[in-house]
Amino acid sequence: MVGIMANLPEIVKISTLDDQVMEVTGKVISECTTLMRALELPYDPITHEMFVPVRSAKLKNAVKLLEFFDLDRPFIPEVDRHFFLQGDHPGMTFLHGLSDEKKAEMKYVIEYLECDRLIDCLGVYILDTIKESCTYDDIPECLEICTTDNKIITVSKKVIKECKTLRKHYKKYGTDVKLVTFESRMYASILMVLGLCDLKTPHVAIAWPAENAQMTPAYSRNVLAFWKANQSVMNYFNSMTNSDLYEITVVMMALGITRICDLYRVYVEEKRTHLM
């Protein structure tokens, strides 16, 4: 396999079922067992085109999804799967923008191509979407919370989805007012952070290494990607005083907002790394 990888052409032309020709990189080819087998046949990339029996639009969607991943590193199912399910992963955002019909077409294409990275990630995406749709079916349009300064705040359904504490409260007590351990003014900062996030897709909690355990290089790269995907949140954190940041931690812990907990930890870990 190392020899084949070393001899991969930079660009390969592919002819599709609807007589279209598209170009893909050697890195894309290396991800697809079917295409790698085709390269082992007598092949001249200058004068010949590789034929793939699917329509060009369907193949383009599969290739576009694949290019959202870091193809310079090997596929590690546990790591790739976890970070793909993060709501801020660009591949996840791309999938959410496709119709169910186009997702089904993509599934057929990636199975034909035998692309393990996409087969795995699309599979967990489908399962996670089913799970989340069941989880959020009964969430009300809003809930009321009472802050320590005796203010009643109405929390929208979009925010409730992010708050583990409020979801548990609703299941147990219904729409009764919930008491929280922060002042009303502190809620505005959390809304600001959530407003900077892509809430259309569910967040999967980061499985952080045990205390004092070192991150693997692959894990570190994915955490860095999570940072970059949420650069606007990190900039907002940077603009805040230590007192403001502390208040955010109070609210996120009280409401159980896993997305912000992970964002804040990534922010703190990155700052600590720079200091060291």
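Going by the structure above, here's the rest.
Residues numbered from 1 in each chain as written. Predicted model: local features only at pLDDT ≥ 70, side-chain atom pairs only at ≥ 80, totals over all residues. Heavy atoms only, no water.

J.: For the pattern of salt bridges, give the residues involved together with the corresponding values.
T.: Taken as a whole and judged by the stated rule, the model has nine salt bridges. Here R37 makes a salt bridge to E114, at a shortest N to O gap of 2.5 Å. With R37 in helix α3 (residues 33–39) and E114 in the loop between α7 (100–113) and α8 (116–135), this pair connects stretches of sequence that are 77 residues apart. Take R37: its relative accessible area is 42%, and that puts it in the partly exposed class. E183 is the partner of R185 in a salt bridge, and the nearest nitrogen-oxygen pair spans 3.1 Å. With a relative accessible area of 48%, R185 lands in the partly exposed category. Overall, E183 belongs to the partly exposed group, its relative accessible area being 33%. Three or more residues joined by partner-sharing salt bridges are found here, namely E183, R185 and E247. (Salt bridge = Lys/Arg side-chain N within 4 Å of Asp/Glu carboxyl O. Helix = DSSP H or I, 4+ residues; strand = E, 2+ residues; numbered from the N terminus. Buried < 20%, exposed > 50% of the residue type's maximum accessible area, 1.4 Å probe, protein only.)

J.: Help me get a handle on the environment of V109, residues and values and all.
T.: The residue V109 is located in helix α7 in this model. Along the backbone, V109 and V54 are 55 residues apart, and their C-alpha atoms lie at a distance of 7.1 Å. Once residues within four sequence positions are removed from consideration, V109 is found in contact with V54, K58, L59 and A62. (Contact = heavy atoms within 4.5 Å.)

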